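Analysis of the macromolecular model
Letter by letter, the chains look like this.
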Amino acid sequence: MKVRIDWTYKSPKNKVVQFLSEELEANEALMVAGDLERTGRTKRLQFADRHNSTWSLKELKNYVKEVETEPHDVIAYYDGGFDRHTKRAGLGCAVYFKQNGKDYRLRKNLVIDEIDSNNEAEYAALSMAIQEIELLGVHHLPVRFIGDSRTLVNQMSGEWAVPEQSLARWADRIDQRLEKIGVHPEYEFAPRKENAEADRLATQALGGTMIESLIDLNADK
């Protein structure tokens, strides 16, 4: 989770000045806040996240301590491939996360039938990625969802309307699932070459090669 430090400084002559930092990872923000408190000039100090929630120093310390043992710093890459002749879609996702001081990667692909468009395949791939992070136990955290469909990113971010009923149904189900597990989505567009892993998984699914794996990325270090 990223937060801003909201710090009120009080000078020796009782001049009060308020500062708001740039976004920092929670651990970094706690380190900087400790330095600020040691100045002896702190009148007030709190933290604000991207969702306008405020945290006291104690609350943020407890949050960081609790989340360390659970999957966090989650980034989910997703992609959907569509075969218009068979109306089948290949879905792929690669989920990166941290837990207990280690880095992990989950990879999963799947084939589904009765899909009508490439856009619907992209929505299905995002839905599968969300299902996988739910199975990992991710909850009440921000998650970055990265895909190469600008249409999906803009629609799920609320920048564009979702006029197609089939896509609107997917969007509603996705929103409901995210709300249920308390995940705050951050939708990001990436060019296809930066989403190559999820794209390859989707292509392999359409070709009949099924993949499901979870690995410790620190194992070979």
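These notes cover the structure that comes with them. (Residues numbered from 1 in each chain as written. Predicted model: local features only at pLDDT ≥ 70, side-chain atom pairs only at ≥ 80, totals over all residues. Heavy atoms only, no water.)

**Brief notes about the overall build of the protein**
A tally of regular secondary structure across the protein gives 6 helices and 11 strands. Along the longest, intermediate and shortest principal axes, the C-alpha atoms of the protein span 75 × 45 × 30 Å. Residues counted as buried form 42% of the 221 residues belonging to the protein. In the protein, of all internal contacts separated by at least 6 residues, the share reaching a separation of at least 24 is 70%. Carbon and sulfur atoms make up 47% of the accessible area of the protein, which amounts to about 12,400 Å² in all. Each charge class in the protein can be summarised by its mean position, and for the 31 positive and 37 negative side chains these summaries are 7 Å apart. (Helix = DSSP H or I, 4+ residues; strand = E, 2+ residues; numbered from the N terminus. Buried < 20%, exposed > 50% of the residue type's maximum accessible area, 1.4 Å probe, protein only. Contact = heavy atoms within 4.5 Å. Areas by Shrake-Rupley, 256 points an atom, 1.4 Å probe, with all protein chains shown as cover. Lys, Arg positive; Asp, Glu negative; His and termini not counted. Charge placed at Lys NZ, Arg CZ, Asp CG, Glu CD.)

**So, helix H1 (residues 26-37)**
Between the first and last C-alpha of H1 there are 16 Å, a value that for 12 residues agrees with the 16 Å anticipated at 1.5 Å per step. Those residues of H1 that are buried lie in contact with strand E1 (2-10), strand E3 (24-25), strand E4 (42-49) and helix H2 (57-67). (Expected span 1.5 Å × (residues − 1).)

**Some words on helix H5 (residues 165-181)**
An ideal rise of 1.5 Å per residue puts 24 Å on 17 residues; H5 measures up with 25 Å between its terminal C-alpha atoms. Taken together, the buried positions of H5 are occupied by Leu167, Ala168, Trp170, Ala171, Ile174, Leu178 and Ile181. For H5, the arc enclosing every buried residue in end-on projection is 165°, short of the 170-degree limit, so these residues lie on one face. In H5, the exposed positions that point more than 90 degrees away from the buried face belong to Gln165, Gln176, Glu179 and Lys180. Residue Gly182 follows H5 closely and has a positive phi angle near 75°. (Arc of directions from axis to C-beta.)

**Side note on the nonpolar core**
If you look at the biggest cluster of nonpolar residues, it comprises 53 residues, and the most contacted ones within it are Phe47, Leu60, Leu126 and Phe145. Element by element, the count of residues in this core is highest for helix H3 (residues 118-136), at 9 residues. Apart from the residues lying within four places of it in its own chain, the contact partners of Phe47 are Val3, Arg4, Ile5, Ala29, Leu30, Ala33, Ser53, Thr54, Trp55, Ser56, Leu57 and Leu60. (Core = buried A, V, L, I, M, F, W, Y, C linked by side-chain atoms within 4.5 Å.)

**Quick word on the side chain of Arg107**
Along the chain, Arg107 falls in strand E8 (residues 102-112). Note on Arg107: relative accessible area 16%, which makes it buried.

**Re the sheet that holds strand E6 (residues 72-83)**
On the basis of which strands lie adjacent, the open sheet formed by 6 strands has the order E10-E9-E6-E7-E8-E11 and mixed pairing. The outermost strands of the open sheet, each flanked by one partner alone, are strand E10 (184-189) and strand E11 (212-216). On average, each strand axis in the sheet is inclined to that of its neighbour by 15°, with strand direction left out of account. Note: E8 against E11, 5 bridges, orientation antiparallel. Each residue of the ladder has a partner; that of Arg105, found in E11, is Ile215. Most of the contacts of H3 go to E6, to which it runs at about 145°, and overall it touches E6, strand E7 (88-99), E8, strand E9 (142-147) and E10. (Pairing = 2+ DSSP bridges. Axes fitted to C-alpha atoms, helices over the stretch in contact; angles between N-to-C directions.)

**Details of the packing of H3 against H5**
The relative placement of two packed helices is expressed as an angle between their axes plus a distance between the axes. Here H3 crosses H5 at 15°, and the two axes come no closer than 10 Å. Overall, the two elements H3 and H5 adopt an arrangement that is roughly parallel. Two packed elements cross with a definite hand, and for H3 against H5 that hand is left-handed. Packed against H3, whose contacting residues are Asn119, Glu120, Tyr123, Ala124, Leu126, Ser127, Ile130, Gln131 and Glu134, the element H5 presents Ser166, Leu167, Trp170, Ala171, Ile174, Arg177, Leu178, Lys180 and Ile181 at the interface. (Parallel < 35°, antiparallel > 145°, perpendicular 65-115°, else oblique. Left-handed = near helix turned anticlockwise from the far one by under 90°.)

**Some points on the pairing of E4**
Sheet topology places E1 next to E4; 7 bridges connect them, and they run antiparallel. Of the residues in E4, the one forming a bridge with Tyr9 is Thr42. Bridge count for E4 against strand E5 (residues 54-55) is 2 bridges, and the pairing is antiparallel. Across the sheet, the residue bridging to Ala48 is Thr54, located in E5. Counting the residues in the hairpin turn of E4 and E5 gives 4 residues, including Asn52, whose phi is positive at 65°.

**Looking at the pattern of salt bridges**
All told, the structure shown has 15 salt bridges when counted by the stated rule. Here Arg38 makes a salt bridge to Asp35, at a shortest N to O gap of 2.4 Å. Arg38 sits in the exposed class, given a relative accessible area of 63%. Looking at Asp35, the relative accessible area reads 43%, which means it is partly exposed. Among the charged side chains, a salt-bridge network with shared partners connects Asp79, Asp148, Arg192 and Asp199. (Salt bridge = Lys/Arg side-chain N within 4 Å of Asp/Glu carboxyl O.)

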